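# Summary of structural features
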Amino acid sequence: MASLSVKPGQRFTLLDWQNNSRLISANAEQQRFNSHHIRQEGRVLRNDTGNQAKWDEHNSQTNLKDRITTVDKWREALAKCLTDIDLEIDALSKVKEAAENAIQAKNLCLDVAIECLTFRESRRDIDVVRDPVEEELHKEVKVIEKTKKDLQQRVDDAFRQLCLLKEARQQLSCDHWHKVEALELDRQCVSFNPTSGNISFKVNPTRIPDGTTALQEWELNSRRNKERADAELKASVDLRGAITLTIAQTNNELDAQRIATEFALRKRMRDMEAALSELRWQEKNTLEEIAEMEEEIRQLEENIKKRTLDLKVAHTRLETRTYRPHIELCRDQAQFGLTDEVQQLEGIIRALQQKRTESQDALDALYRQLHHIQTDIGYKTNSLQLDNKCMDTRRKLVVPVEKFDPEVDAVSRTRNLPRESQLEL
């Protein structure tokens, strides 16, 4: 007969079972309450952190966009300043080149003035005078040297200003390029989002990199670069105006001096032509007087010959009458007349000879004077030819060199120009 099996172990009472069930239920309710509370807290935390993250990301985006706007404004300002500097560098370079060309043009003017002075050194004797033409030519040389010095000073100023402009441009260009790179990086940062493929954790991203500057220092640096560029631009514009004014003033001074020199040269040539006309008139009259004097001497010599023959006749008569015989050798009226005639003829011959000597001296003096006049005519003709050469040479100042065809031969020009002391000599 089968027996009832009994499970060994402790036996719980019904109350224990009931208490256990109630405990399990209470624990379950407590755990559900705790879980519900944690879920509520998690939901609040998720909402708070989500909102905070969205606001933080929105603020970061806004700050980045504001920074991009600020940097872009500075980039545009620097870019405009760079364009202005490039234009100003080009304009100043052209003005500098114009000043250098003006200096080269003054070299031709200086060569012409010195060539004219060299021509006039070939004057001879009394024509080697310190006349107004020479004074004006020396003034012209001094004016040209002064204008060249002033223009060279302006060229040096332009060179220094170009260096300053290029230095300012270099700083602007670096600052502009740095801002372009910063804009590209900030725009890249704006484009990042949680679905971007190139996002990752970084090592210590909140560190402060070496060389980091404060916002005020960054803005001060950009403003300082732009202000310096603006100052150099203004200085360059003022310098360009000064160079243009200097070129105009030097051209006006040189034109005025050139006009004064050519006026003095033309006046001197007119005076020389008038002097030549007077000398040629004197030469003509002197030649006529010489011819008349030579005729007068010839006639005096003929009269001397005639009176000499008359004296020979009188002498012969007197000598012949000395051979009268005896009482016939008396001092009669014929004797007295012949004696008086001899004395008169001798006095006439002495007077004619004296007059012939005086006439010959006068003729010699006329020949000397004629030689002096003709020599002076040669001097003045030479001086007039030299002044004509000077006028022809000065045509180079108004006629293009490639079209210049000299009317007279000019001396060889050289770059070894005489110093001022040599010009004075």
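Note that the coordinates shown come from a computational prediction; the quantities given were computed from them, not determined experimentally.

### Focus on the side chain of Asp175
As for its placement among the helices and strands, Asp175 is situated in helix α2 (residues 132-191). A distance of 2.6 Å separates a polar atom in the side chain of Asp175 from a polar atom in the side chain of Lys179. Contact partners of Asp175, with chain neighbours within four places excluded, come to Leu78, Asn221, Ser222 and Asn225.

### Some points on the domain arrangement of the chain
For an interface, size is often stated in terms of accessible area lost upon the parts coming together. What the domain assignment reports for the chain is domain 1 (58-192 + 217-269) and domain 2 (288-396). Taking only C-alpha atoms into account, the centre of domain 1 sits 83 Å from that of domain 2. Facing 21 residues of domain 1, the contacting portion of domain 2 comprises 16 residues. Interface area, domain 1 with domain 2, both sides summed: about 1,700 Å², of which 62% is carbon and sulfur. The largest share of the area that domain 1 buries against domain 2 comes from Phe119, Arg124 and Met269, three residues that together contribute 33% of it. Taken together, the connections running from domain 1 to domain 2 amount to one salt bridge. The tally of links from domain 1 across to domain 2 stands at one residue pair in polar contact (both at pLDDT 80 or more). Breaking the side of domain 1 that touches domain 2 down by element, the ones donating at least two residues are α1 (14-120), α2 and α3 (215-321). In terms of residue count, the dominant contributor to the side of domain 1 that touches domain 2 is α3 (seven residues). Considered class by class, the residues forming the side of domain 1 that touches domain 2 number eight nonpolar, two polar and 11 charged.

### Some details on unusual backbone geometry
Not every positive phi belongs to a glycine, and Asn204 is a case in point at roughly 50°. If you trace the backbone, Asn204 turns up in the loop between α2 and α3. Given a relative accessible area of 43%, Asn204 falls into the partly exposed group. Even without being a glycine, His326 presents a positive backbone phi close to 45°.

### Re the layout of surface pockets
Size it by volume and the largest pocket reaches roughly 360 Å³. Every residue along the wall of the largest pocket is listed here: Pro205, Arg207, Pro209, Gly211, Thr212 and Thr213. Arg67, Val71, Asp175, His178, Lys179, Ala182, Asp186, Thr213, Glu217, Trp218, Asn221 and Ser222 are the residues that line the second largest pocket. Here the element with the most residues in the lining of the second largest pocket is α2; it accounts for five residues. In terms of residue class, the lining of the second largest pocket is built from three nonpolar, four polar and five charged.

### Examining the pattern of salt bridges
In this structure the tally under the stated criterion is 30 salt bridges. A salt bridge links Arg223 to Glu219, with the shortest nitrogen-to-oxygen separation between them at 2.9 Å. Of this pair, Arg223 and Glu219 both sit in helix α3, separated by four residues, roughly a single helical turn. A single network of salt bridges, built from pairs that share partners, joins Asp72, Arg75, Glu76 and Arg187.

### A short note on the nonpolar core
If you look at the biggest cluster of nonpolar residues, it comprises 26 residues, and the most contacted ones within it are Val141, Ile144 and Leu265. Of all the elements, α1 adds the most residues to this core, at eight residues. In this structure, this core is formed jointly by two domains, domain 1 (58-192 + 217-269) and domain 2 (288-396), each of which donates at least three residues. The next biggest cluster of nonpolar side chains, apart from the first, holds 22 residues, and it includes Ala158, Leu172, Leu239 and Ile247.

### Remarks on the side chain of Asp72
Tracing the chain through its elements places Asp72 in helix α1. Side chain to side chain, Asp72 and Arg75 meet in a polar contact 2.8 Å long.

### Some words on the packing of aromatic side chains
By the definition in use, this model includes zero aromatic pairs. One cation-aromatic arrangement involves Arg67 over Trp218; the distance from NZ or CZ to the ring centre is 3.8 Å.

### Points about the UniProt feature "coiled-coil region" (unreviewed entry) in the chain
In this numbering, the UniProt entry assigns the feature "coiled-coil region" (unreviewed entry) to residues 134-161, 276-310 and 342-369. The span residues 134-161 is 100% helix and 0% strand, and its two end C-alpha atoms sit 40 Å from each other. Overall, residues 276-310 shows 100% helix and 0% strand. The separation of its end C-alpha atoms is 50 Å.

Thresholds applied
- Residues numbered from 1 in each chain as written.
- Predicted model: local features only at pLDDT ≥ 70, side-chain atom pairs only at ≥ 80, totals over all residues.
- Heavy atoms only, no water.
- Helix = DSSP H or I, 4+ residues; strand = E, 2+ residues; numbered from the N terminus.
- Polar contact = N/O pair within 3.5 Å; in protein donor to acceptor, adjacent residues only side chain to side chain.
- Contact = heavy atoms within 4.5 Å.
- Domains from an automatic or database assignment.
- Buried area = accessible area lost by both parts, 1.4 Å probe.
- Salt bridge = Lys/Arg side-chain N within 4 Å of Asp/Glu carboxyl O.
- Nonpolar A, V, L, I, M, F, W, Y, C, P; charged D, E, K, R; others polar.
- Buried < 20%, exposed > 50% of the residue type's maximum accessible area, 1.4 Å probe, protein only.
- 1 Å grid on protein atoms, 1.4 Å probe; cavity = no way out; pocket = protein on both sides within 12 Å on 5 of 7 lines; lining within 4 Å.
- Points joined across faces, edges and corners; volume = space filled by probe spheres on them.
- Core = buried A, V, L, I, M, F, W, Y, C linked by side-chain atoms within 4.5 Å.
- Phe/Tyr/Trp six-rings, centres within 6.5 Å; stacked < 30°, edge-to-face > 60°.
- Lys NZ or Arg CZ within 6 Å of the ring centre and 35° of its normal.
- UniProt positions renumbered as here; feature names shortened; annotations may be inferred.

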